Amino acid sequence: MSERALRGVAARLDARIPRPESFTSDLRGERTTAHVGVWLGVAFAVAFATGLYSHAAQLATPPLALPAAPSRLYQVTQGLHVAAGTAAVPLLLVKLWSVFPRLFVRPPGRPRALAVHLLERGSVALLVGSAVFQLVTGLANSAQWYPWSFGFVGAHYALAWVAAGSVVLHVAVKLPVVRRALGEPVERTAAGTGPSRRTLLGATWLSAAIAVVATSAAEVPGLRRVALLAVRSGEGPQGVPVNRSAVGAAVAGLLDDPAWRLRVVGPGGAVELSIADLEAMPQHGADLPIACVEGWSASGRWGGVRVRDVAALVGGGPGDDVVVRSLQTRGAYRESRLPANFVQHPDSLLALRLAGEPLHPDHGRPCRLIAPGRPGVLQTKWVREVQVVTT
Amino acid sequence: MRTVRSVLGLAGVAGVGYGLLRLLRLPGDQVVAVVVWAAGGVVGHDGVLAPAVVALGVAATLLARWARPALAVLLVVLGPLTLVAVPVLGRFGARPDNPTLLDRPYLAGWLAIVGGALLVALGVALRDRRRLRRAEPGAPS
């Protein structure tokens, strides 16, 4: 094909692709984008901050000592994380709708302008790609759905930085536009030709509110029934839902073995404790939540021995961490490290009972870790070994 | 303003850079999968979802003016909410050994929300029809 013919084809194609001016709805544009964008920024900021907290809480040795009180702290931060991410879905979709015509801006011809154009396009592509990725993977993870081949934690954490960074960069680029648009009244033209901007914004806030209530209200006492789309009803054996069952963790056959002993190792030696030995120690009760990274949580009345009492049997002192290991032979969460400030907390238990009964197999029979303010995946179940680690 | 924008810009680039470094520390096949999913998000939105919404908008111009705001409300409320509900409606993560997971009647819940949204939209439509009739008596709606 000759160059002339190619140009003709390109011109005909170009004429068929819409231009920004082809989109006539005056509902799109700066004022809609700025108003929705501000709330989208807030939602992303909340999700990022609470996500960093959750990530730090799951590191074997957190960079900062995280607080063991209040016991509901992680329940609140992770509930906010999932709620903010859920609210971001309608906000992101409406915001992207409002700027969709800009996708069709033709690249400028001059090299310098073209470079700037491509940089901006690239940064927006990073923003959209990472934002959609975070919302899709987060929502699917909360329903334990993994239709991909990458590890959720590593990917969601890496792209959280990409998303947060590209949001901040985008704010830097668009700040003058945002300030101008927010300074103007919401409506400029008389309504009557179609939906008003007020109607659109109102519907967007309503959409975000319904999404949050329908998925997250189960965490608020009295509102459980309106959480129509919650991943858990909040019910389960002994009144608490289960994240991973004994069958799922491949330990179901090991739980009622009369030869089970809790092995306790530390600087002062090693001891082995049977259930009867544990029951002969001072018993304590604590009302503590299981607060899952997936956003759900449920409280129970746990009974058992204090972690610090068990650690003291082998010479564990106030400055020592404790590593708790499960009967599980595989799985990323078969052991967890309890930092010293959690070990010393009087409510940190090696629990033997829930709701006054011996632990249900799915809750970690014969013995599990339960401590305040921790992610549920670190409340190790089916414990076989406790090791005092001198730091 | 200039300083604020420069600081924000640099912080943003640093955040993106750190995220990409974290990503590249994952095994190679996982990096590829993440990039495919992220690119898929852009293509899925810009190539499928957004054009579909534009098409709905064009179709709505064929309808009576008073009905359009109500339909816009319906789309903005139910569209994102339905996407949010996909993982629970499909119960893709359900496991036979764990009956406490995904244990609500999600279809009924979703239909209840649809019903509520329809009621709100109906209210908006009736309001707009009355207003339009009052503003332009005798005009075709």
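Reading the values: the criteria
Residues numbered from 1 in each chain as written. Chains lettered and ligands numbered in written order. Predicted model: local features only at pLDDT ≥ 70, side-chain atom pairs only at ≥ 80, totals over all residues. Heavy atoms only, no water. Axes fitted to C-alpha atoms, helices over the stretch in contact; angles between N-to-C directions. Helix = DSSP H or I, 4+ residues; strand = E, 2+ residues; numbered from the N terminus. Parallel < 35°, antiparallel > 145°, perpendicular 65-115°, else oblique. Left-handed = near helix turned anticlockwise from the far one by under 90°. Contact = heavy atoms within 4.5 Å. Buried area = accessible area lost by both parts, 1.4 Å probe. Nonpolar A, V, L, I, M, F, W, Y, C, P; charged D, E, K, R; others polar. Core = buried A, V, L, I, M, F, W, Y, C linked by side-chain atoms within 4.5 Å. Buried < 20%, exposed > 50% of the residue type's maximum accessible area, 1.4 Å probe, protein only. Domains from an automatic or database assignment. Expected span 1.5 Å × (residues − 1). Bend = angle between axes of the 7 residues up to and from the residue. 1 Å grid on protein atoms, 1.4 Å probe; cavity = no way out; pocket = protein on both sides within 12 Å on 5 of 7 lines; lining within 4 Å. Points joined across faces, edges and corners; volume = space filled by probe spheres on them. Pairing = 2+ DSSP bridges.

1. Concerning the packing of helix 4 (residues 111–142) of chain A against helix 5 (residues 152–183) of chain A
All names here are of chain A.
Point 1. Packing of helix 4 against helix 5 brings their axes to within 8 Å, and their N-to-C directions diverge by 140°. Considered as vectors, helix 4 and helix 5 are oriented oblique to each other. Considering only the axes of helix 4 and helix 5, their crossing is left-handed. Residues Glu120, Ser123, Val124, Leu126, Leu127, Ser130, Ala131, Phe133, Gln134, Thr137, Gly138 and Asn141 of helix 4 pack against Phe152, Ala155, His156, Leu159, Ala160, Val162, Ala163, Ser166, Val167, Leu169, His170 and Lys174 of helix 5.

2. Focus on the interface of chain B and chain A
Point 1. At the junction of the two partners, chain B supplies 62 residues and chain A supplies 80 residues.
Point 2. Both faces considered, chain B and chain A share a buried interface measuring about 5500 Å² in area, 76% of it formed by carbon and sulfur atoms.
Point 3. Per-residue buried area on chain B facing chain A is highest for B:Trp37, B:Val84 and B:Arg104; these three make up 12% of the total on that side.
Point 4. Considering only residue class, the side of chain B that touches chain A consists of 41 nonpolar, 11 polar and 10 charged.

3. Remarks on the nonpolar core
Point 1. A:Leu229, A:Trp302 and B:Val88 are the most contacted members of the largest nonpolar core, which totals 61 residues.
Point 2. Of the residues forming this core, the biggest block, 10 residues, is contributed by helix 3 (residues 68–90) of chain B.
Point 3. Residue assignment places this core across two domains, with domain 1 (3–226) and domain 2 (252–389) of chain A each supplying three or more.
Point 4. When sequence neighbours within four positions are dropped, the list of residues in contact with A:Trp302 reads A:His284, A:Gly285, A:Ala286, A:Leu288, A:Ile290, A:Leu349, A:Ala351, A:Arg353, A:Leu354, A:Leu359, A:Arg368 and A:Ile370.
Point 5. The next biggest cluster of nonpolar side chains, apart from the first, holds 31 residues, and it includes A:Ala249, A:Val343, A:Leu352 and A:Val388.

4. Regarding helix 1 (residues 3–16) of chain A
Point 1. With 14 residues, helix 1 of chain A ought to run about 20 Å at 1.5 Å a step, and its terminal C-alpha atoms sit 20 Å apart, in line with that.
Point 2. With respect to burial, helix 1 of chain A is a largely exposed element, only zero of its 14 residues being buried.

5. So, helix 3 (residues 73–99) of chain A
Residue and element names in this part refer to chain A.
Point 1. Between the first and last C-alpha of helix 3 there are 38 Å, a value that for 27 residues agrees with the 39 Å anticipated at 1.5 Å per step.
Point 2. The sharpest bend along helix 3 reaches about 30° and sits at Val89, with the proline Pro90 one to four residues further on.
Point 3. Among the 27 residues of helix 3, 21 are classified as buried, and the element is accordingly described as predominantly covered.

6. As for empty space enclosed by the protein
Point 1. Scanning the model with the defined rule gives two cavities of 30 Å³ or more in all.
Point 2. Reported here for the largest cavity is a volume of approximately 210 Å³.
Point 3. Around the largest cavity, the lining comprises 21 residues; the ones closest to its centre are A:Val82, A:Ser142, A:Thr215, A:Ala230 and A:Val231.
Point 4. Looking at the lining of the largest cavity, the elements with two or more residues in it are helix 3, helix 4 and helix 6 (197–216) of chain A together with helix 3 of chain B.
Point 5. It is helix 3 of chain B that contributes the most residues to the lining of the largest cavity, four residues altogether.
Point 6. Three or more residues apiece are contributed to the lining of the largest cavity by two domains, here domain 1 (3–226) and domain 2 (252–389) of chain A.

7. What about the environment of A:Ala252?
Residue and element names in this part refer to chain A.
Point 1. Residue placement: Ala252 occurs in the loop between helix 6 and strand 1 (262–266).
Point 2. Ala252 gets classed as partly exposed once you look at its relative accessible area, which sits at 40%.
Point 3. The sequence separation of Ala252 and Pro241 amounts to 11 residues, and the corresponding C-alpha distance is 17 Å.
Point 4. Apart from the residues lying within four places of it in its own chain, the contact partners of Ala252 are Ala246 and Val247.

8. Looking at the pairing of strand 5 (residues 321–326) of chain A
Every other side chain in a regular strand lies on the same face of the sheet, so the side chains alternate between the two faces.
All names here are of chain A.
Point 1. Most of strand 5 sits out of view: six of its six residues are buried.
Point 2. Sheet topology note: the strand 5/strand 6 (residues 335–338) ladder contains four bridges and is antiparallel. From the neighbouring strand, Val322 faces strand 6, where its bridge partner is Leu338.

9. As for unusual backbone geometry
Point 1. The omega torsion of the bond from A:Ala69 to A:Pro70 falls at -5°, within 30 degrees of zero and hence cis.
Point 2. The amide bond that connects A:Arg365 to the next residue, A:Pro366, takes the cis arrangement and shows omega of 5°.
Point 3. Residues other than glycine seldom take positive phi values, yet A:Ala355 does so here, at roughly 55°.
Point 4. Position of A:Ala355 relative to the elements: it lies in the loop between strand 7 (349–354) and strand 8 (357–358).
Point 5. Given the relative accessible area of 44%, A:Ala355 is considered partly exposed.
Point 6. Positive phi values are uncommon outside glycine, yet B:Arg91 reaches one of about 50°.
Point 7. As for its position among the elements, B:Arg91 is in the loop between helix 3 and helix 4 (106–135).

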